[in-house]
Amino acid sequence: MNPTGWTRLICATGNAGKLREFRLAAGDARLDLELLPNYKLLPEAVEDGATFEENAVKKAQHYSPHASGLLFADDSGLVVDALGGAPGVYSARFSGPGATDAANNALLLEKMRGVANRRARFVCAIALVEGPRVLGVYRGSVEGT
């Protein structure tokens, strides 16, 4: 239910945990964040963009016909300097088809064995759409090692 004066945003995900994280990030903003109904029954968006921003836009535009009003989608991943920016947009499938978090982490640690420069960042891009129209694309990152 949308409280009076709040902006309703649909999140293009079926992941309740991800929605919870977005709600925490929104803080006290007057946002009513909701999951996209029937997300898991919809055809999956093709994420073949070269950047997080391109993939976020592709996902948002793919799912927007299934929502009324404002919808946002994200793409995120790990960017490691010593690996030339890898895994980057391939973070979720870094270790190949059927990749798991454990397999991706193991491959990353294997590739980083003996590497002194371990600088990295987690990047998240979010695209906001209303119907076919892109209203904005936003990017944030957290630096680390």
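> Before we move on, can you summarise the pairing of strand 3 (residues 70–80) with the specific residues and values?
The element strand 3 is largely enclosed, with a buried count of nine among its 11 residues. Summarising the sheet, strand 1 (residues 7–11) and strand 3 pair through three bridges and their orientation is parallel. What sits directly across from isoleucine 10, in strand 3, is leucine 71. As defined by bridge partners, strand 3 adjoins strand 4 (residues 120–130) across 11 bridges and the pair is classed as antiparallel. Its bridge partner lying in strand 4, leucine 78 is registered against phenylalanine 122.

> Outline the packing of aromatic side chains, listing residues and values.
Across all of its chains, the model carries two aromatic pairs by this definition. With a centroid separation of 5.0 Å and 90° between ring planes, the pair formed by phenylalanine 22 and phenylalanine 72 is classed as edge-to-face. In this pair, phenylalanine 22 sits in helix 1 (residues 16–26) while phenylalanine 72 sits in strand 3, placing the two residues 50 residues apart along the sequence. Given the relative accessible area of 6%, phenylalanine 72 is considered buried. Ring centres of tyrosine 39 and tyrosine 63 lie 4.9 Å apart, and the angle between their planes is 40°; on these two criteria the pair is classed as tilted. Here tyrosine 39, found in the loop between strand 2 (31–35) and helix 2 (52–63), pairs with tyrosine 63, found in helix 2; they are 24 residues apart in sequence, far enough to count as distant. Of the residues examined, tyrosine 39 reaches a relative accessible area of 22% and is grouped as partly exposed. A relative accessible area of 2% means that tyrosine 63 is categorised as buried.

Parameters and conventions
- Along each chain, the written sequence defines residue order, and numbers are assigned to residues from 1.
- With the structure being a predicted model, the display of local features is reserved for residues of pLDDT at least 70 and the display and counting of side-chain atom pairs for 80 or more, all residues being used for whole-chain, interface and lining totals.
- Think of the side-chain values as coming from all heavy atoms in the structure, minus any hydrogens and water.
- Buried means the residue's accessible area, taken with a 1.4 Å probe over protein chains only, is under 20% of the maximum for its type, while exposed means over 50%, and partly exposed covers the values in between.
- For the purposes of this entry, the term helix denotes a DSSP run of H or I that reaches at least four residues, the term strand denotes a run of E that reaches at least two, and both are numbered from the N terminus.
- Strands pair, by our definition, only if DSSP identifies at least two bridges between them.
- Centres within 6.5 Å make a pair out of two Phe, Tyr or Trp rings, where for Trp the six-membered ring is used; the pair is then stacked when the planes are under 30 degrees apart, edge-to-face when over 60, and tilted otherwise.

Treat this as a map of the structure, not an account of what it does.
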